[in-house]
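# Commentary on secondary and tertiary structure
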Amino acid sequence: MTVNKVITGLSMILRMLVRQKIVIILLLIIPAFFLTIVEFTTSDRMLPFQLASLNDDVFINISEKGISFIFFAVASSGFLVSFLALNLIQKNNTVNRRLIICGYHPIELLISILLALFLVVALIAIYVGILTNAFYTIDNLGRFILSLVLIGFVYGSYGLAIGSLVKAELEGILLIVLLVNIDVGWLQNPLFYAEAQNQIIIKFLPAYFPSQTAIITAVTDYSAVNAIGNGIVYGLGFLIFSMVIFFFKMRTK
Amino acid sequence: MIFKSEHIAKSFGKHKVLKDISFKLEAGTITGIVGENGSGKSVLMEIIVGIRNADKGTVNKNGRIGYCPQRAMLFPHLTVQEHFIYFSVAYGIDKEQSKRRSEELLHHFNYKKYLQEKIINLSGGTQQKLNLSISLLHKPDLLILDEPYNGFDWDTYQRFWDYTNHLKKRGCAVLIVTHLLSEKERLDHIYELENGIFV
């Protein structure tokens, strides 16, 4: 593996991303749109609730508006990163194959994609974190941004796995929208979770640990190490799966 | 000998696309494979290049290989120049050589003015010129062309054959997939693919 190939790959992938206007518009508009909706549709009434990752005697007191901002920040980050990851790995599949025929190793290309994705995850987390803080003051902004990096990592890896597995763009987008909508957009809302009949299913979904981390880091001083660790393991599972599929699909025979 | 294949067979489900394909290519020759649409020409090319596995048979290649796919495989949001840079890195060509080779190909196929244009802004013919140029960038010993002149005007078509003959003189083995029997006189050897075998 040569560093030159990875750096050139990274540079070209970033150029392609920046030049796709729809990508930039999505990145800027979607989080702002979600959070604006929250601003106009939620109230300031206080909602005490327990968080699954913390002890039973810990009650979190936060307004409906506050928890909704945090929840939608996580949802928009997860959706955006997942969509971009799918785009990165699936859209130029045939040309990437040609690069491999011409001398790139699949792993060199994959590392370039992963580095580009990591940069995108970091940028989205910073942007969404700062934007959320503009609507609702987050106690620990730095930690909250790290929790958005975690949802980006988990859902980015999911996007890569779907992109490696599914050929057609529409099917890929559908699989992403479905899971993001059900998981991050619905079941991981702590208010829904508290009343859920079968909480064990929710705990096995990809956004569980990142969502828990986001709420712990945004409004409490409790440690989120366990949730972060479990989230990383979950994301790594998707990542390794996507790497294996990508490698076997793209290698020359 | 640059290339040799023996007893290649490939099926998709119950449909046997290639049954028993054996042939070889010598340096400094132009060989054509002709056949009707759906006769398995592109599948055979993909097996030779290494995109697909054959179910049976062997493929032996020597030297650098250049491959020009039937449809332009390019990045829509990168420029012509960026393609030359990206693929030069893939081939392991240094910057100086890459610049010299890309200049030469841009000049020969007459599309230097599009160097800074993104692919989405180019016509099909110009995209195909770049598609072909990429396969020539590293001076291949074996050049595999899958209907390479789709979208070319007459002038570019002539330039293509000039360049192919130049490669032949240099000792390159050229394999062209075509459905144009009118090109017979330009080819040293010709194989006709029908029902999965050469007839």
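Scroll up for the structure.
Residues numbered from 1 in each chain as written. Chains lettered and ligands numbered in written order. Predicted model: local features only at pLDDT ≥ 70, side-chain atom pairs only at ≥ 80, totals over all residues. Heavy atoms only, no water.

Along chain A, the regular secondary structure elements total eleven helices and two strands. The N-to-C order of helical and strand elements in chain A reads α-α-β-β-α-α-α-α-α-α-α-α-α. Expected size for 253 residues packed as a compact globule is a radius of gyration near 18 Å; at 19 Å, chain A falls within 12% of this value. Each of the three principal axes of chain A carries a C-alpha extent, and together these read 60 × 35 × 30 Å. Residue burial in chain A is summarised as follows: out of 253 residues, 53% are buried. Looking at chain A as shown, the accessible area adds up to about 11500 Å², and 68% of this sits on carbon and sulfur atoms. Between the mean site of the 15 positive side-chain charges and the mean site of the 12 negative ones, chain A shows a separation of 23 Å. (Helix = DSSP H or I, 4+ residues; strand = E, 2+ residues; numbered from the N terminus. Rg over C-alpha atoms; globule rule 2.2 N^0.38 Å. Buried < 20%, exposed > 50% of the residue type's maximum accessible area, 1.4 Å probe, protein only. Areas by Shrake-Rupley, 256 points an atom, 1.4 Å probe, with all protein chains shown as cover. Lys, Arg positive; Asp, Glu negative; His and termini not counted. Charge placed at Lys NZ, Arg CZ, Asp CG, Glu CD.)

Across all of its chains, the model carries 22 aromatic pairs over all chains by this definition. On the basis of an interplanar angle of 80° and a centroid distance of 5.6 Å, the ring pair of phenylalanine 23 of chain B and phenylalanine 198 of chain B is categorised as edge-to-face. Taken together, the positions of phenylalanine 23 of chain B in strand β2 (residues 15-25) and phenylalanine 198 of chain B in strand β9 (residues 197-198) put the pair 175 residues apart, joining distant regions of the chain. On the accessibility criterion, phenylalanine 198 of chain B (19% relative accessible area) is buried. Chaining the aromatic ring pairs together yields one cluster made of Tyr149, Trp154, Tyr157, Phe160 and Trp161 of chain B. The side chain of lysine 5 of chain A reaches across the aromatic face of tyrosine 104 of chain A, ending 5.8 Å from its centre. The ring of phenylalanine 87 of chain B has arginine 98 of chain A sitting right over it, with the charged end atom 5.7 Å from the ring centre. (Phe/Tyr/Trp six-rings, centres within 6.5 Å; stacked < 30°, edge-to-face > 60°. Lys NZ or Arg CZ within 6 Å of the ring centre and 35° of its normal.)

Judged by nonpolar contacts, the single largest core of 106 residues is most densely connected at Val80, Phe87 and Phe160 of chain B. Tallying contributions element by element places helix α3 (residues 64-90) of chain A first for this core, with 13 residues. Excluding anything up to four places from it in sequence, phenylalanine 160 of chain B contacts Phe109, Leu132, Leu145, Pro148, Tyr149, Phe152 and Ile176 of chain B. By size, the runner-up hydrophobic cluster in this structure holds 24 residues, among which are Phe3, Ile21, Val43 and Leu142 of chain B. (Core = buried A, V, L, I, M, F, W, Y, C linked by side-chain atoms within 4.5 Å. Contact = heavy atoms within 4.5 Å.)

Residues and elements named next belong to chain B. Pairing geometry for strand β1 (residues 3-12) and β2, over seven bridges, is antiparallel. Paired with lysine 10 across the strands is leucine 18, a residue of β2. Linking two consecutive strands that pair antiparallel, namely β1 and β2, is a turn of two residues; a positive phi of about 65° is found at glycine 13 within it. (Pairing = 2+ DSSP bridges.)

Residues and elements named next belong to chain B. Judged by pairing direction, the sheet is antiparallel, and its three strands sit side by side in the order β2-β1-β4 without closing on themselves. Where the open sheet ends on each side, the last strands, each with one partner, are β2 and β4 (56-61). Recorded for the sheet is a direction-independent mean angle of 20° between the axes of neighbouring strands. Note: β1 against β4, five bridges, orientation antiparallel. Bridge pairing links alanine 9 to lysine 56 in β4. Contacts between helix α1 (residues 41-49) and the sheet are confined to β1, β2 and β4, with β2 contributing the most and set at about 55° to the helix. (Axes fitted to C-alpha atoms, helices over the stretch in contact; angles between N-to-C directions.)

So, about the interface of chain A and chain B. Each partner contributes to the interface: chain A provides 23 residues, whereas chain B provides 26 residues. Contact between chain A and chain B buries roughly 2300 Å² in total, counting both sides, with carbon and sulfur atoms accounting for 67%. With its nearest N and O atoms 2.7 Å apart, the salt bridge here joins glutamate 82 of chain B to arginine 19 of chain A. Residue assignment for the side of chain A that touches chain B shows that the elements contributing at least two residues are α1 (3-19) and α4 (93-102) of chain A. Per-class residue counts for the side of chain A that touches chain B are eight nonpolar, nine polar and six charged. (Buried area = accessible area lost by both parts, 1.4 Å probe. Salt bridge = Lys/Arg side-chain N within 4 Å of Asp/Glu carboxyl O. Nonpolar A, V, L, I, M, F, W, Y, C, P; charged D, E, K, R; others polar.)

All names here are of chain B. Read from one edge of the open sheet, six strands run β5-β6-β7-β3-β8-β9, paired in mixed fashion. Each edge of the open sheet is held by one strand with a lone partner, namely β5 (65-68) and β9. For strand β3 (residues 30-35) and strand β8 (residues 189-194), the ladder comprises five bridges, and the chain directions are parallel. The residue of β8 that forms the bridge with glycine 35 is leucine 193.

Here the focus is the state of the cysteines. A full pass over the atoms with the stated rule returns zero disulfides over all chains. There is no disulfide at cysteine 102 of chain A, and the cysteine sulfur nearest it, in cysteine 68 of chain B, is 11 Å away. On the basis of relative accessible area, cysteine 102 of chain A is assigned to the buried category, the value being 11%. A disulfide-free cysteine, cysteine 172 of chain B has its sulfur positioned 13 Å from the sulfur of cysteine 68 of chain B, the nearest such atom. (Disulfide = S-S within 2.5 Å.)

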